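The residues making up each chain are set out below.
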Amino acid sequence: MVNHNREELLSKAKPFSISKHAVLDAFKRVKANGGAAGVDGESIVEFERNLKGNLYKLWNRMSSGSYFPPPVRTVEIPKDKGGTRPLGIPTVSDRIAQMVVKLYLEPQVEPHFHPDSYGYRPGKSAGEAVGVARQRCWNYDWVVDLDIKGFFDNLNHDLVMRAVRKHTDCKWILLYIERWLKAPAQLDDGTLVSRDKGTPQGSVASPLLANLFLHYAFDEWMKRTSPRIPFERYADDIIAHCVSRRQAEWLRAKIEERLFQCGLELHPQKTRVVYCKDDARKDVHQNESFDFLGYTFRQRSAKRHTGGYFMNFCPAISGKASKEICRVMRSWRVHRCSGMSLDEISRFCNPILRGWINYYGQYYKSALYRVFRIFNYILVRWAMKKYRRFKFHKTRAAHWLHDIALRQPVLFAHWQMGSRP
């Protein structure tokens, strides 16, 4: 009882009232998300060794207003088409502090977000956004595929803070968000780079701040100026649906003008007007496909319920996503794991295989077959390495695996969907 009263008195003595339970909850969420160490080199495991002391120290500094975020470790991640993009890695303590702010702020802003904003929101998903986009592509002939150039790196700090202030006047939330926006980046050689715009891609608070920024820069603006033009937005990945090419070209120009006012720029090559071609749409256009959230939307053959086939405009796993899945599968180097049994390999691989199937198999699942043929070939190579009788007999190894797949179709997740050796 004495200790409880002492804690209450300490809390009341602090300038800011922050719950210790919120700090503990924030740690649990950060731990569940995992992640690398920041500039201090401290991992989550090392932080947890003195969990009570570390969490108390963080709570004490946040409650007193004396918490200053350390620099954000910056690593360069290669892009698919060349070049790199910076990824920010805050320290474990800083990720916890950001999660505390997120836990307080998110319930206040979430009810105000647009129903067609899907990114980083509870109860919303990328798969849902793809499904809505598919339906609207059937109803609208044209799409504006928007790409914002360097979105996270170019967010205007003043506009971000203005958006946050619309939803809270809590002094400590405003104080720490402003400090996070200004926290310098630390490069691999230890050089500190000051930041007067942007928010680190990879930090806990960035997705919420980005959503809030685009809620006013794009969602509310569209609602106000073009209420009859539907769109889907997942963070900065946006597509809008138009009834004609003329309307699409007009919308692209208006969006470019609007984003320029907010300190952002559309990528001139990646932003395109796309024609949703199918059996009923016979015109020819330069752009007749677009990528959205790992799916490529284009004209594809589809089966009618009454029999026969027709050309439909619909999504299937994109070439980029297929290549990444194949890269990951090869990185497992299963063909060199001759000491493992087939059951052990399946236990390792199945959770990841199921994740891919659950997401990319929602629409046009058959497109996944050619992706998983690669993994079946990897299993054949494993059999050739493990069993001497298959060493120089790829066809025999493939037949052996095929027989196993027929007897045990649930052994591998992709076998269950019919993609067997």
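Student: Please clarify how the environment of Pro207 should be interpreted in this entry.
Tutor: Considering the arrangement of structural elements, one finds Pro207 in helix α9 (residues 206-225). Sequence separation between Pro207 and Gly119 is 88 residues; the distance between their C-alpha atoms is 8.1 Å.

Student: Help me out: how do you make sense of the environment of Met384 in this one?
Tutor: Mapped onto the secondary structure, Met384 falls in helix α13 (residues 369-386). Expressed as a C-alpha distance, the spacing of Met384 and Phe297, which sit 87 residues apart in the sequence, is 39 Å.

Student: Help me out: how do you make sense of the packing of helix α2 (residues 20-33) against helix α5 (residues 92-109) in this one?
Tutor: A pair of packed helices is characterised by two quantities: the angle between their axes and the separation of those axes. Contact pair α2 / α5: the axes reach a minimum separation of 8 Å and the direction vectors enclose 115°. Taken together, the axes of α2 and α5 are roughly perpendicular relative to one another. Considering how the two elements wind past one another, α2 and α5 form a crossing that is right-handed. Contact with α2, carried on its side by Ala22, Val23, Asp25, Ala26, Phe27, Arg29, Val30 and Asn33, involves Arg95, Ile96, Met99, Val100, Leu103 and Tyr104 of α5 and no other residues of that element. The class makeup of the residues in the contact of α2 with α5 is 10 nonpolar, 1 polar and 3 charged.

Student: Just to check I follow, could you spell out the side chain of Ser63 for this structure?
Tutor: Tracing the backbone through its elements, the reader meets Ser63 in helix α4 (residues 51-64). On the basis of relative accessible area, Ser63 is assigned to the buried category, the value being 0%.

Thresholds, definitions, all that
Residues numbered from 1 in each chain as written. Predicted model: local features only at pLDDT ≥ 70, side-chain atom pairs only at ≥ 80, totals over all residues. Heavy atoms only, no water. Helix = DSSP H or I, 4+ residues; strand = E, 2+ residues; numbered from the N terminus. Axes fitted to C-alpha atoms, helices over the stretch in contact; angles between N-to-C directions. Parallel < 35°, antiparallel > 145°, perpendicular 65-115°, else oblique. Left-handed = near helix turned anticlockwise from the far one by under 90°. Contact = heavy atoms within 4.5 Å. Nonpolar A, V, L, I, M, F, W, Y, C, P; charged D, E, K, R; others polar. Buried < 20%, exposed > 50% of the residue type's maximum accessible area, 1.4 Å probe, protein only.

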